[in-house]
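Notes for the structure review
Given next are the chains, with one letter for each unit.
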Amino acid sequence: MHEVTLIPGDGIGPSITESAVRIIEASGVKIAWDRAEAGMAAIDKYKDPLPKAVLDSIERTRVALKGPLTTPVGSGFRSVNVALRKEFDLYANVRPAKTFEGVTSQHDDLDIVIVRENTEEFYAGIEHYIDPQRSAAETIGIVTRSGSHRILKYAYEFARKYHRKKVTTVHKANILKYTGGLFLDVSREVAAEYPDLESNDRIIDNMAMQMVMNPHQFDVIVTTNLFGDILSDLASGLVGGLGLAPGANIGYTASIFEAVHGSAPDIAGKDLANPTAVILAGVLLLRHLNEESAAERIERAVRSVIKEGKCVTRDLNHQSPVGTSKMTAAIIDRLTD
Ligand code: NAD
């Protein structure tokens, strides 16, 4: 029996995480879920978006499945997602983007993994207005040699473990000569330790264009925090949209699995949300727990239901969609077929 922290999240979070839990339970894997509230739900109840009970739970279980959490834009509390990554030093954000049969997308047979540095640079929260009149603001992005080294090592080890062929480092070292330059230098040092893997690098602006025009040239992509955040949404757009993209936040002592998308307040409570991204985050979680065969079966069932296209949500079938709960039931049926 595994113990896993479950954070239902805000907006569409509770309904899509419930789908993932039902499907994982139907796969036969035994998990004791420790439910813990964070985000808006926790503010209502505990006046704190990240109550100690959540941190204690993750510290104990060392693994969590998390629904999206709302972050107020501009003012209000800081992102709980970023706080969790900092608290548990979840330095590697792994976001796979793989095409689905049955989903219209710009390119067929794409299979890209983005490895994003998750703790440094512009997400470190070092920012302020320079004067009371708020005439200017500054954000300081810190990139360290050790932070760069561990994420680049992670990307190369990941590529080797999953029999990938190539690692592309993305940077802006032509303009950000120190932060970008440091990351690029370390990437060349690490690449030299992996002669079995092809290595190259791209400047971020060119990379964005290349990913749209000719994404098949990429395999594993490793980059700094902000570029990774943006490129992973771009990659999910290439394979059919945010509703399909899972992510893993990996640290030395804990890991948190979640969808790439947010809490989608525009469709919350309407049974419209596509549960796939968080279900596939559950698949990544099962692989992390060495439950490979259940992970494989769930991924196959999800892909089969999507390929058939009859029991899928509105984002995948405008003509005759079903709701989140019916799509979940269809995946469970396919699992037990
Ligand atoms: P969003 O990802 O919530 O939504 C963007 C668009 O995609 C919306 O039109 C939404 O309806 C659609 N969408 C998202 N997920 C979907 C799904 N599963 N099925 C169908 N359609 C889906 O992005 P946003 O609107 O920019 O952010 C809303 C809130 O989520 C913000 O507070 C933001 O800070 C937060 N957020 C949280 C996380 C996280 O918890 N990791 C990630 C991103 C954004």
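Please read all numbers here as calculations on a predicted model, not as lab measurements.

Focus: the overall build of the protein chain
The secondary structure content of the protein chain amounts to 11 helices and 12 strands. For the protein chain, whose C-alpha radius of gyration is 20 Å, the value lies close to the compact-globule estimate of 20 Å for 337 residues. A principal-axis box enclosing the C-alpha atoms of the protein chain has dimensions of 55 × 50 × 40 Å. The 337 residues of the protein chain split such that 54% are buried.

Regarding the site of the ligand
Taken together, 20 residues are adjacent to the ligand, and Leu69, Thr71, Gly262, Ala264 and Asn274 come closest. Here glycine 262 contributes a backbone N or O atom positioned 2.7 Å from an oxygen atom of the ligand. Its residues assigned to classes, the shell around the ligand shows nine nonpolar, eight polar and three charged.

Focus on the domain arrangement of the protein chain
Partitioning the protein chain into domains gives domain 1 (1-101 + 243-337) and domain 2 (106-110 + 117-238). Each side of the interface is counted separately: domain 1 has 19 residues, and domain 2 has 21 residues. A combined buried area of about 1,600 Å² lies between domain 1 and domain 2, and 53% of that area is made up of carbon and sulfur atoms. Our count for the contact surface shared by domain 1 and domain 2 stands at two salt bridges. Contributions of two or more residues to the side of domain 1 that touches domain 2 are made by α4 (80-87), β4 (92-98) and β11 (246-250).

Some thoughts on helix α7 (residues 204-213)
Here α7 has its buried residues at Ile204, Met207 and Met211. One side of α7 carries all its buried residues, which in axial view fall inside an arc of 45 degrees. Along its buried surface, α7 packs onto β5 (111-117), β8 (166-171), β9 (198-203), β10 (220-223) and α8 (225-238).

Digging into the nonpolar core
Of all hydrophobic cores here, the largest spans 70 residues; its most connected members are Ile31, Leu65, Phe257, Leu285, Leu286 and Ile298. The leading source of residues in this core is helix α9 (residues 276-288), at nine residues. Dropping the residues within four chain positions of it, isoleucine 31 is found in contact with Met1, His2, Val4, Ile24, Leu285, Leu286 and Leu289.

Looking at the packing of α7 against α8
Taken N-terminus to C-terminus, the directions of α7 and α8 make an angle of 10 degrees; their axes are 10 Å apart at the nearest point. As far as their axial angle goes, α8 and α7 are roughly parallel. Contact residues: α7 offers Ile204, Met207, Ala208, Met211 and Val212, while α8 offers Phe227, Leu231, Leu234, Ala235 and Leu238. The class makeup of the residues in the contact of α7 with α8 is 10 nonpolar, no polar and no charged.

Topic: the packing of aromatic side chains
Applying the stated rule across the entire model yields five aromatic pairs. Judged by centre distance (6.1 Å) and plane angle (90 degrees), the ring pair of tyrosine 91 and tyrosine 154 falls under edge-to-face. Highlighted residues: tyrosine 91 in the loop between α4 and β4 and tyrosine 154 in helix α5 (residues 145-161), separated in sequence by 63 residues. Judged by centre distance (4.8 Å) and plane angle (45 degrees), the ring pair of phenylalanine 158 and tyrosine 162 falls under tilted. Under the relative-accessibility criterion, phenylalanine 158 is labelled buried at 15%. Taking relative accessible area as the criterion, tyrosine 162 reaches 40% and is therefore assigned partly exposed. Ring pairs connect the aromatic residues Tyr91, Tyr154, Phe158, Tyr162 and Tyr252, which therefore count as one cluster. Seen from the ring of tyrosine 123, arginine 116 lies directly overhead, with NZ or CZ sitting 5.1 Å from the centre. The positively charged end of arginine 303 is found above the aromatic ring belonging to phenylalanine 100, 4.2 Å away from the centroid.

Cut-offs used in this document
- The residue numbering used here restarts from 1 in each chain and proceeds along that chain's sequence as written.
- Predicted model: local features are reported for residues with pLDDT of at least 70 only, side-chain atom pairs are reported and counted for 80 or more only, and whole-chain, interface and lining totals are derived from all residues.
- Excluding hydrogens and water, the side-chain values take into account all heavy atoms of the structure.
- Think of it this way: any DSSP run of H or I at least four residues long counts as a helix, any run of E at least two long counts as a strand, and we number them from the N terminus.
- Restricting the calculation to C-alpha atoms gives the radius of gyration, and the globule rule supplies 2.2 Å times the number of residues raised to the power 0.38.
- The buried label goes to any residue with under 20% of its type's maximum accessible area, the exposed label to any with over 50%, and the partly exposed label to all in between, with areas taken from a 1.4 Å probe on protein chains only.
- The nearness test applies per residue and asks whether one of its heavy atoms lies within 4 Å of the molecule or strand.
- Any pair of nitrogen or oxygen atoms within 3.5 Å is treated as a polar contact; in protein, a donor-acceptor pairing is required on top of that, and neighbouring residues in sequence qualify only through side-chain atoms on both sides.
- For this classification, the nonpolar set comprises Ala, Val, Leu, Ile, Met, Phe, Trp, Tyr, Cys and Pro, the charged set comprises Asp, Glu, Lys and Arg, and every other residue, Gly included, is treated as polar.
- Where a domain begins and ends is set by an automatic assignment or by a domain database.
- Two residues form a contact once any of their heavy atoms are found within 4.5 Å.
- Buried area is understood as the total, over both parts, of accessible area removed when two parts are fitted together, assessed with a 1.4 Å probe.
- Each salt bridge in this description consists of a side-chain nitrogen of Lys or Arg and a carboxyl oxygen of Asp or Glu lying within 4 Å of one another.
- Regarding the arc, it is the one traced by the directions from the helix axis to the C-beta atoms.
- Only buried residues count toward a nonpolar core, which is a set of Ala, Val, Leu, Ile, Met, Phe, Trp, Tyr and Cys residues joined through side-chain atoms within 4.5 Å.
- Where helices are involved, their axes are fitted lines through C-alpha atoms of the stretch in contact, as for all axes, and angles between N-to-C directions lie from 0 to 180°.
- Roughly parallel here means an angle under 35 degrees, roughly antiparallel means over 145, roughly perpendicular means 65 to 115, and every remaining angle is called oblique.
- The rule is short: rings of Phe, Tyr and Trp, with Trp giving its six-membered ring, pair when the centres are within 6.5 Å, and they are stacked under 30 degrees, edge-to-face over 60, tilted in between.
- Only when the NZ atom of a Lys or the CZ atom of an Arg is both within 6 Å of the ring centre and within 35 degrees of the ring normal do we say a charge sits over the ring.

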